[in-house]
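Residue-level structural notes
Below are the chains, spelled out letter by letter.
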Amino acid sequence: MSGRPPLRRLAPGLAVLLVLGALARGVGRVVPALNALIVAIALGVVVQATTGLPEWAQPGANRHKLLLETGIVLLGAQLTLGELVSTGPLVVALAAGFVLFGVLYVETLSRLAFDLDRGMRALLAAGASICGVSAILAVAGTIDVDEADVTYAVATVLLFDAVTLVVFPILGTALGLSGKSFGIWAGVSLFSTGPTAAVGFAVSDTAGQWATVTKLVRNTFIGVLAMGYALQHTRAVAGDTSTRELWYRFPKFLVGFLVVVAVTNVGLLSPAARASIETTTDWLFTLAFVGLGFGIDVGEMRAAGARPIALVAVHLLTVSALALLAVTLLV
Amino acid sequence: MTASGEESTSGRTALAAVAWWRRLDRGWHAVGFGLLIVAAHVLVG
């Protein structure tokens, strides 16, 4: 089996990922309430729990981490530093301040009150403080974490996306905030970019535009956070802290991520090209999530209990209250 | 160099390139594939 050419060995498993990924995206399109990534994981878990993944599909399906890391490289095309300049210093300062606060808050709370391990702490800090699923995946790629933890963190963030999609527009109307204030508040507080924009536009066009641009400014910190966690993790696992050893253990795909950020920001990619790369990224993540599903041990997720969900709830309540105060005083 | 000699040289080069690629860290593979996709988009526009 191992003597066969790599492509012939990998193709069957990659085809399985592609078929199940396409099915997940189809279900996500037909039933918008179901996120395609969650459907992808569920399909992987169900196949593994029922028929099991056939041996002929394993070499290809085991490449799901490569698909995930390639998707992270392509995430760089979504980070336009021009957003930082165009929004002015106040939004940048608010976004940077709340990202920093959010990461430290989640890290501290998880140690002191929620007893979560290092990997889960990092995933939730990234997901809640920056950009939902993308940030979780970017950080997950840079540190050694259980695949069950990644799934749980993603599911937790998506759960809160659904809740805030309903609650925030109601609050925005009840509080009587201006469109700009509400947009910045939502952009600083909420998790995933799509739902944040939807929440803003549910209140007004102005709120939608400010929510989107504020959220995009927050997203620009993905690279910095992933790089920070990568360095911290590399130092923690490498007994030898020489530059050579640190570089050996450093997640190399972050180099590609930075190159793509540079290519995007010197204007080499048209808006259509960026949209197409974003679609490619979504596909890669969906396929990777089917592969993650194959490796999920539901028992491990059950063992984590409701603590991650409680932690993210505390983070959301704290950050949204402080952000509301900041927006009321400063905007 | 004969035609068959040229073929074997380019064949050896290709095999060496494949062997080099397979020895690389998975992270570099992701960089390679990612940049290939971006380059295709830059060229197509």
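Sequence order as written defines the numbering, with residues in each chain counted from 1. Ligands are numbered from 1 and chains lettered from A, in the order in which they are written. Per-residue local features are limited, in this predicted model, to residues with pLDDT of at least 70; the limit for side-chain atom pairs, both in listing and counting, is 80 or more; totals at the level of whole chains, interfaces and linings are taken over all residues. The basis for the side-chain values is all heavy atoms of the structure; hydrogens and waters are excluded.

A few points about the pattern of salt bridges
To keep it simple, the criterion reads: In what follows, salt bridge is the name for a side-chain nitrogen of Lys or Arg lying within 4 Å of a carboxyl oxygen of Asp or Glu. The helix count covers DSSP runs of H or I at least four residues long, the strand count covers runs of E at least two residues long, and both are numbered beginning at the N terminus. Exposure is judged per residue with a 1.4 Å probe applied to protein chains only, and the accessible area is read against the type maximum: over 50% gives exposed, under 20% gives buried, and values in between give partly exposed.
Across all of its chains, the model carries 3 salt bridges over all chains by this definition. Notably, a salt bridge pairs Glu69(A) with Arg26(B), separated by 2.8 Å at the nearest N-O pair. With one member in each of two chains, Glu69(A) in helix H4 (residues 64-75) and Arg26(B) in helix H2 (residues 26-44) form a pair that bridges those chains. Its salt-bridge partner being Arg111(A), residue Glu107(A) comes within 3.6 Å of it at the nearest N-O pair. Placement of both Glu107(A) and Arg111(A) in helix H6 (residues 89-114) is noted, with a separation of 4 residues, approximately one turn of the helix. On the basis of relative accessibility, which here comes to 11%, the residue Glu107(A) falls in the buried class. Taken together, the shared-partner salt bridges in this structure form one network comprising Glu107(A), Arg111(A) and Arg121(A).

Details of the confidence of the model for chain A
Heads up, the rule is: Scored between 0 and 100, pLDDT is the confidence that the predictor attaches to each residue.
On average, chain A scores 86 in pLDDT, and the residues at 70 or more come to 93%. No element of chain A has a lower mean pLDDT than helix H16 (residues 298-304) of chain A, which averages 66, and none a higher one than helix H9 (residues 179-189) of chain A, which averages 94.

Some remarks on the interface of chain B and chain A
Condition: For this analysis, residues touch if any pair of their heavy atoms sits within 4.5 Å. Two parts placed together each lose some accessible area under a 1.4 Å probe, and adding up what both lose gives the buried area. Two N or O atoms count as a polar contact when they lie within 3.5 Å, although within protein this holds only if one can serve as hydrogen donor and the other as acceptor, and sequence-adjacent residues are included solely when both atoms are side-chain atoms.
The interface of chain B with chain A comprises 16 residues on the first partner and 23 residues on the second. In total, about 1,600 Å² of surface goes out of reach between chain B and chain A, with carbon and sulfur atoms giving 76% of it. The interface formed by chain B and chain A holds 1 salt bridge in total. Scanning the region where chain B abuts chain A turns up 2 residue pairs in polar contact (both at pLDDT 80 or more). Residue contributions to the side of chain B that touches chain A peak at 13 residues, all from H2(B).

Some words on the environment of Arg218(A)
Residues and elements named next belong to chain A. Along the chain, arginine 218 falls in helix H11 (residues 205-219). Remark: the alpha-carbon pair of arginine 218 and phenylalanine 191, spanning 27 residues in sequence, is separated by 9.9 Å. At a separation of 3.0 Å, a polar atom in the side chain of arginine 218 contacts the main-chain carbonyl oxygen of serine 129.

Side note on the nonpolar core
The condition that has to hold: Here the nonpolar core consists of buried residues drawn from Ala, Val, Leu, Ile, Met, Phe, Trp, Tyr and Cys, with membership extended through side-chain atoms lying within 4.5 Å.
Residues Leu123(A), Leu124(A), Val139(A), Val150(A), Tyr229(A), Phe289(A) and Phe294(A) are the most contacted members of the largest nonpolar core, which totals 103 residues. Ignoring sequence-local partners within four residues, the contact set of Leu124(A) consists of Val106(A), Leu116(A), Ser129(A), Ala153(A), Pro308(A), Leu311(A) and Val312(A).

Side note on the packing of helix H7 (residues 118-142) of chain A against helix H8 (residues 147-175) of chain A
Angle between the axes and distance between the axes are the two parameters that describe a pair of packed helices. All names here are of chain A. The test is simple: Axis geometry follows a simple rule: fit a line to the C-alpha atoms, using only the stretch in contact for helices, then measure angles between N-to-C directions, giving values from 0 to 180 degrees. Angle categories are assigned with fixed cut-offs, so that under 35 degrees is roughly parallel, over 145 is roughly antiparallel, 65 to 115 is roughly perpendicular, and the rest are oblique. Polarity classes work like this: nonpolar for Ala, Val, Leu, Ile, Met, Phe, Trp, Tyr, Cys and Pro, charged for Asp, Glu, Lys and Arg, and polar for all others, with Gly in that last group.
The interhelical angle for the contact between H7 and H8, taken along N-to-C directions, is 75°, at an axis separation of 9 Å. Classed by the angle they form, the pair H7 and H8 counts as roughly perpendicular. Taken together, the residues of H8 that come into contact with H7 (itself represented by Met120, Leu123, Leu124, Gly127, Gly132, Val133, Ile136, Leu137 and Ala140) are Asp149, Val150, Tyr152, Ala153, Val154, Val157 and Leu158. In the contact of H7 with H8, the residues fall into 13 nonpolar, 2 polar and 1 charged.

Some points on helix H17 (residues 307-330) of chain A
How we decide: Working rule for helices: expected span equals 1.5 Å times residues minus one.
Here H17(A) spans 34 Å end to end across 24 residues, near enough to the 34 Å set by a 1.5 Å rise per residue. Listing the buried residues of H17(A) in full gives Pro308(A), Leu311(A), Val312(A), His315(A), Leu316(A), Thr318(A), Val319(A), Ser320(A), Ala323(A), Ala326(A) and Val327(A).

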